[in-house]
Amino acid sequence: THLQLNPVTDFYGVDDVKCKEYNWGYDVISFFALEGSYSSNPNNPISRLFEFKTMVEQLHKNNIRVVMDVVYNHIYKYEDSSLEKTVPNYFFRKKKNGEYSNASGCGNDFASEKYMARRMIIDSLRYFTEIFNIDGYRFDLMGLLDIKTINKAYEEIKSIKNDIVMYGEGWDMGVELKKNEKASYKNANAMPNIGFFNDAYRNIMRGVGSKATLEENGFLLGNNSYNDGFEFAFRASTIDKVLKDLSLTSDTPSSP
């Protein structure tokens, strides 16, 4: 019913013309411009606009809704970005000691809590909704953004498209935002219209560990000793259970 696209706004890691590299698209450069390497004619900026719009229209004709993976939590090399050059020391979050925050692990964190930074995110969402008829948005590292921005974005986009879908990675990251301001899963009750990735369910089903080896398998990979966890996830947290953390690094009981 839905197709979730990896980031398609302009990113750094691929030469638009040669296209010899592969990149998931998370080293974002622009919140508005579309990535040229996906276009049949990257030297013509209009091509990528019409081709993307045509793709969305064709998917809609086949009853498939389109969700964009959006990266608003950082900019690739903030010091080279048009935002930093236009208004230095405004768009990127800083620590108390004056250094740039880097909870994203990408060199900077976008200061969504500031008025014009928030406006930038919302204007980007409005653009893709109004111009390209996008049906939903998946927020990368949403926990690095603030609650007010996410709720305001939902309100504005819903006014354009009533059945809009919004969800994201609500990991609790960074210390520069107050805990009650983060758009993390821990504050889900403050964002009733937003969905959250659930790593507890993932760990229960698949297991915990790296790509190469699992530290401990989940239910679907043969861990039959974790039946309580499977039942909890399968019933969408509607049963009252306190579960052991599925990780060899912790013996602390927890409730996903």
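Residues numbered from 1 in each chain as written. Predicted model: local features only at pLDDT ≥ 70, side-chain atom pairs only at ≥ 80, totals over all residues. Heavy atoms only, no water.

For Ser39, the location among the structural elements is in the loop between strand S1 (2-5) and helix H1 (45-61). The class for Ser39 is buried, based on a relative accessible area of 10%. There is a polar contact of 3.1 Å between the side chain of Ser39 and the backbone nitrogen of Asn41. Here the side chain of Ser39 touches Glu51 through a polar contact of 3.1 Å, side chain to side chain. Those residues in contact with Ser39 that sit more than four places away from it in its chain are Ser47, Arg48 and Glu51. (Helix = DSSP H or I, 4+ residues; strand = E, 2+ residues; numbered from the N terminus. Buried < 20%, exposed > 50% of the residue type's maximum accessible area, 1.4 Å probe, protein only. Polar contact = N/O pair within 3.5 Å; in protein donor to acceptor, adjacent residues only side chain to side chain. Contact = heavy atoms within 4.5 Å.)

Another aspect to go through is the packing of H1 against helix H3 (residues 115-132). Interaxial distance between H1 and H3 falls to 10 Å at its minimum, and their mutual angle equals 70 degrees. Taken together, the axis directions place H1 and H3 in an arrangement best described as roughly perpendicular. Contact residues: Leu49, Phe52, Lys53 and Val56 in H1; Tyr127, Phe128, Ile131 and Phe132 in H3. Of the residues belonging to the contact of H1 with H3, the class tally is seven nonpolar, no polar and one charged. (Axes fitted to C-alpha atoms, helices over the stretch in contact; angles between N-to-C directions. Parallel < 35°, antiparallel > 145°, perpendicular 65-115°, else oblique. Nonpolar A, V, L, I, M, F, W, Y, C, P; charged D, E, K, R; others polar.)

Turning our eyes to something else, we now look at helix H4 (residues 147-160). The terminal C-alpha atoms of H4 lie 20 Å apart, and with 14 residues this matches the ideal 20 Å at 1.5 Å per residue to within 8%. Residues of H4 that are buried in the fold lie against H3, strand S3 (136-139) and strand S4 (165-168). Where H4 starts, the residue carrying a side-chain oxygen 3.3 Å from the main-chain nitrogen of Lys148 turns out to be Asp146. (Expected span 1.5 Å × (residues − 1).)

Our next topic: the pairing of S3. The two faces of a sheet get side chains in turn, since along a regular strand they alternate between them. Covered by surrounding structure in S3 are Gly136 and Arg138 together with Tyr137 and Phe139, the residues of both alternating faces. For S3 and S4, the ladder comprises four bridges, and the chain directions are parallel. Looking at S4, one finds that Gly136 is bridged to Val165. Tracing the backbone out of S3, into H4 and back to the parallel element S4 gives a crossover that is right-handed. (Pairing = 2+ DSSP bridges. Right-handed = clockwise from strand over helix to strand, strands pointing away.)

Turning to the sheet that holds S4, a few remarks are in order. As summarised here, the arrangement of the five strands in space is S1-S2-S3-S4-S5, forming an open sheet in which the pairing is parallel. Sheet topology places S1 and strand S5 (195-196) at the edges, where each strand pairs with a single neighbour. Of the strand pairs in this sheet, S4 and S5 are connected by two bridges, and their pairing is parallel. Within S5, the position partnered with Tyr167 by the bridge is Gly195.

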